[in-house]
Amino acid sequence: MTYQEKLARFRQEMANRKLDALILFHTDPHQSEYLSKEWHIMPWLTGFTGSTGTVVITQNEAGVWTDSRYFIQGEKELAESGFDLMKLRIPHTPEYVEWLIEQLPKGGVIGVDGRLISINRMEAYSKKFKEKGIELLDCGGFLQTHGGAEEVEHVFDHSTVFTGKTREEKLQEIRGKMKELGVQHHLLTTLDDIAWVLNLRGNDISYNPVFVSYALISLNLVYLFVDEKKIPLDLRNQLSDDSIHVLPYGEIKSYLSQLPEGESLFIDAGRVNWDLFKAIPEHVKVLRGKAFSTHLKGVKNEVEQRLIREVMRRDGVALVKFFRWLEEAADGEGISEYEAGLQLEVFRGMQLNYVGPSFNPIVGYRGNGAIVHYRAPELGSSQIVKEGLLLVDSGGQYLDGTTDITRTVAMGIPTPDEKRDFTLVLKGYIGLDQAIFPEGTKGYQLESMARMPLWKHMKNYGHGTGHGVGFFLNVHEGPQSLGQSASGGSAVPLEVGMLTSNEPGFYLENKYGIRTENLVLCVEKGESEGYGKFLGFEAVTLFPIDLKLVEKSLLNQEEVDWLNTYHQQVWDHLSPALDFDEQIWLRNQCRQI
């Protein structure tokens, strides 16, 4: 069935249900970014494979709204599909709402699947549409999943050797906050929160070591709703000893509907879906707020911080082996982007505690590097040879941490334009890396530091500058982020222990992409009398920056000193784990300028 035939089938079903429009969110009942196969409805329907997108269908129009990371990719993938690429201008509110208000007459009806929309979004959209005489309807059951049945993957325990806290300790912290609010129950629906709280990991979603489940935390018990076949008997016994009872995944709504009168339930209305919310009886008092675990897991404890620093050394060693191999592989006819990505996985797989990649590696040669979330195809990917720029954005999942790093390298002799643009991005990275700021500062107040060198040359990039990173969990994690909007994660104050990416970039379509990314820990820098504590960043990622691309004349002395100091740190940490030839290679990469 072609994409246009699928679209026609959707429109027929919409007509049967008397819907004037349908909004399809690219998520799952847990509001996940990365999805299990059964929820890959958007690519099945439209051909668009980006991780972010919203599909809107009317009887006459159909579009996919996505952000600037996917503009180039979206144009290619949606061609001839019957769906138009609609360019979302973040950080503003989703334009598809305004577009639908313009398209539909008064009395129009819009359908959504209540499993795929949060409470907050459903209420906000309903109010906005109602003001224009348009109804937003939960048409549950309209959508069928299309990815086929998932294989049963066992859930496993994540040792306190790595987590630094037992699940009992984490539950005690959460219950303390519940008692402060006077609530008896706390519903968790986000998969990384559940995995973190219970010190469990799984394999249900590619790249993210989580498992599909819900958790209801009460003051004395925890009810874990999950496919029971995924919980081995020994683990089930351990959980039972910790007063964690395993129940069938599908019983969550029934259980919520039976909560006793007079009791209260705390939920994160930005993450709990509308379908679940409807199951909560009116006689239960519902309190709303950010899930307690979101902040707790975002601030890494001392054990996690120590292990993050250690895992970055091993990840850096793997990258030394990879880029050294790549230099040789690019000789002659070269090596394909796809094959390079596979080889990077091989080198990471040689490292202690490695589990798998933290996302599909982005290996973008020349113009493909300008596609921010490029995915090299197995057949037909570009051959990397000894000329032009190569962007490699990759990461690993280790039992003792999650990594995410981007390096842009010159495969041959770089042009003056390439060196200028690379150095402007580097200046932005250094500017943010060196920031010192008072306690309570938020991400949006710092983010322009990374853009300023580009802005001075009237250049920019369309994505955010930083996202939180989990600990052997999702590579994209809240609560904090570094973006331009004074809302969402960018409005969250940065705290000591938060692990965040610093990744400014610059992209020229069909020419090259440039991005430099390290993970940075928020650390305390000192205290000033009358002004309180000041914080800053520690770059924990360890791998050299390509000096062939640095235009030294554009750097001031402070920036030169930063680069030399960083490269000395890279050498000090990585060289002991390398053989003689690898040390010679790294010494040249880390030479002082």
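Just so you know, the residues in each chain are numbered from 1, in the order the chain's sequence is written. Only residues with pLDDT of at least 70 get local features here, since the model is predicted, and only at 80 or more are side-chain atom pairs given and counted; chain-wide, interface and lining totals rely on the full set of residues. Values reported for side chains reflect all heavy atoms of the structure, with hydrogen atoms and water molecules removed beforehand.

Trainee: An account of the overall build of the protein is needed here, citing residue identities and associated values.
Mentor: Each helix corresponds to a stretch of at least 4 residues labelled H or I by DSSP, and each strand to a stretch of at least 2 residues labelled E; elements are numbered beginning at the N terminus. A count of helices and strands for the protein gives 19 helices and 30 strands. Our radius of gyration is a C-alpha quantity, and the globule rule it is checked against amounts to 2.2 Å times the number of residues to the power 0.38. Taken over the C-alpha trace, the protein has a radius of gyration of 25 Å; the compact-globule value for 593 residues is 25 Å, and the two agree within 12%. Each of the three principal axes of the protein carries a C-alpha extent, and together these read 70 × 55 × 55 Å. Burial classification: accessible surface area is computed with a 1.4 Å probe over protein chains only, and a residue below 20% of its type maximum counts as buried, one above 50% as exposed, and the rest as partly exposed. When each of the 593 residues of the protein is scored for burial, the buried share is 56%. A contact between two residues is defined here by any heavy atoms of the two lying within 4.5 Å. Of the contacts made within the protein by residues no fewer than 6 positions apart, 68% connect residues no fewer than 24 positions apart. We get accessible surface area from the Shrake-Rupley algorithm with a probe of 1.4 Å; when it comes to residues, only the shown protein chains can shield them. Summed over all atoms, the accessible surface of the protein reaches about 24,400 Å², with 49% contributed by carbon and sulfur.

Trainee: Outline the sheet that holds strand β17 (residues 362-365), listing residues and values.
Mentor: Pairing is antiparallel across the open sheet formed by 3 strands, whose spatial order is β17-β19-β22. In this open sheet, the two strands that pair with only one neighbour each are β17 and β22 (405-410). For this sheet, the mean inter-axis angle between neighbouring strands, taken without regard to orientation, is 10°. Summarising the sheet, β17 and strand β19 (residues 389-394) pair through 4 bridges and their orientation is antiparallel. Bridged to Ile362 within β19 is Asp393. Pairs of strands are assigned from DSSP output, requiring at least two bridges between the strands. Note on geometry: axes are lines fitted to C-alpha atoms, helical ones only across the stretch in contact, with angles between N-to-C directions running from 0 to 180 degrees.

Trainee: Which residues make up the sheet that holds strand β16 (residues 354-357), and what values do they have?
Mentor: The 3 strands are arranged β16-β20-β21 in an open sheet whose pairing can be described as antiparallel. The open sheet has two edge strands with one neighbour each: β16 and β21 (401-402). Here β16 pairs with strand β20 (residues 396-398) via 3 bridges, running antiparallel. By the bridge assignment for β20, Tyr354 is matched with Tyr398.

Trainee: I'd like to hear about the environment of Ala195, residue by residue, with values.
Mentor: Along the chain, Ala195 falls in helix α8 (residues 191-198). Assessed through its relative accessible area of 0%, Ala195 is described here as buried. Taking C-alpha positions, Ala195 is 10.0 Å from Phe472, a pair spaced 277 residues apart along the chain. Look past the residues within four positions of Ala195 in its chain and what remains in contact with it is Leu200, Arg201, Val210, Phe211 and Leu473.

Trainee: Let's hear about the packing of helix α13 (residues 302-329) against helix α19 (residues 580-589): which residues, and what values?
Mentor: One way to put it is that α13 packs onto α19 with a least axis distance of 11 Å and a crossing angle of 90°. Classified by the interaxial angle, the pair formed by α13 and α19 is roughly perpendicular. When α13 is examined against α19, the residues Val320, Lys321, Phe323, Arg324 and Glu327 are found in contact with a partner set consisting of Asp581, Glu582, Trp585, Leu586 and Gln589. Side-chain classes are defined by residue name, with Ala, Val, Leu, Ile, Met, Phe, Trp, Tyr, Cys and Pro counting as nonpolar, Asp, Glu, Lys and Arg as charged, and the others, Gly among them, as polar. Along the lines of polarity and charge, the residues of the contact of α13 with α19 split into 4 nonpolar, 1 polar and 5 charged. With respect to orientation, any angle under 35 degrees is reported as roughly parallel, any angle over 145 as roughly antiparallel, any angle of 65 to 115 as roughly perpendicular, and every other angle as oblique.

Trainee: How would you sum up the pattern of salt bridges? Please name residues and give values.
Mentor: Think of a salt bridge as a Lys or Arg side-chain nitrogen and an Asp or Glu carboxyl oxygen that are within 4 Å of each other. Applying the stated criterion to the full structure yields 31 salt bridges. Salt-bridge contacts for Glu310 lead to Arg306; the nearest nitrogen and oxygen are separated by 3.4 Å. Within this pair, Glu310 and its partner Arg306 are both found in helix α13, separated by 4 residues, close to a single helical turn. For Arg306, a relative accessible area of 42% translates into the label partly exposed.

Trainee: Which residues make up the packing of helix α15 (residues 416-433) against helix α18 (residues 557-574), and what values do they have?
Mentor: Relative orientation of the contacting elements α15 and α18 amounts to 85°, with a least axis distance of 11 Å. In terms of axis orientation, α15 runs roughly perpendicular to α18. For the pair α15 and α18, contact is made by Leu426, Lys427, Tyr429, Ile430 and Asp433 and by Glu559, Trp562 and Leu563, respectively. Among the residues forming the contact of α15 with α18, the class breakdown is 5 nonpolar, no polar and 3 charged.

Trainee: How would you summarise unusual backbone geometry if you had to cite specific residues and measurements?
Mentor: Between Gly478 and Pro479 the backbone carries a cis peptide bond, its omega angle lying at 10°. Inspection of the secondary structure assignment puts Pro479 in strand β25 (residues 477-482). Of note in the backbone geometry, Tyr207 takes a positive phi value of approximately 75° without being a glycine. The partly exposed category is assigned to Tyr207, whose relative accessible area is 24%. Although it is not a glycine, Met458 adopts a positive phi angle of roughly 55°.

Trainee: Outline the layout of surface pockets, supporting the account with residue identities and numerical values.
Mentor: A 1.4 Å probe that fits but cannot get out identifies a cavity on a 1 Å grid over protein atoms alone, an open set with protein on both sides within 12 Å along at least five of seven lines counts as a pocket, and a residue lines either if it has an atom within 4 Å of a point. Grid points are joined across faces, edges and corners, and a volume is the space filled by probe spheres set on the points. When its volume is computed, the second largest pocket comes out at roughly 290 Å³. Lining the second largest pocket are 18 residues, and of these Tyr338, Gly341, Leu342, Asn360 and Pro361 lie nearest its centre. Of all elements in the fold, only α14 (337-349) and β16 reach the threshold of two or more residues within the lining of the second largest pocket. Take the lining of the second largest pocket: its biggest share by element is 7 residues, from α14. For the lining of the second largest pocket, the per-class residue count stands at 10 nonpolar, 4 polar and 4 charged.

Trainee: Could you give an account of the pairing of β22, naming the residues involved and the relevant values?
Mentor: Burial within β22 is extensive, with 6 of its 6 residues counted as buried. Burial along β22 is two-sided: Ile405, Arg407 and Val409 and Thr406, Thr408 and Ala410, pointing in opposite directions, are all buried. One ladder, built from 6 bridges, connects β19 with β22; its direction is antiparallel. Looking across to β22, one finds that Leu391 is bridged to Thr408.

Trainee: Would you mind going over empty space enclosed by the protein in detail, with residue names and values included?
Mentor: Applying the stated criterion across every chain yields a total of 1 cavity of 30 Å³ or more. Around the largest cavity, the lining residues are Met312, Asp315, Gly316, Leu319, Thr403, Asp404, Ile405, Thr541, Leu542 and Phe543. In terms of residues, the lining of the largest cavity owes the most to one element, α13, which gives 4 residues.

Trainee: How would you sum up helix α5 (residues 119-131)? Please name residues and give values.
Mentor: A helix's residues, less one, multiplied by 1.5 Å, set its expected span. With 13 residues, α5 ought to run about 18 Å at 1.5 Å a step, and its terminal C-alpha atoms sit 19 Å apart, in line with that. Buried within α5 we find Ile119, Met122, Tyr125 and Phe129. With its buried residues spanning 140° around the axis, α5 presents them on a single face. With respect to the buried face of α5, the exposed residues turned more than 90 degrees away are Lys127 and Glu131. Remark: Gly133 follows α5 within two positions and exhibits a positive phi of approximately 75°. As used here, the arc belongs to the directions running from the helix axis to the C-beta atoms.

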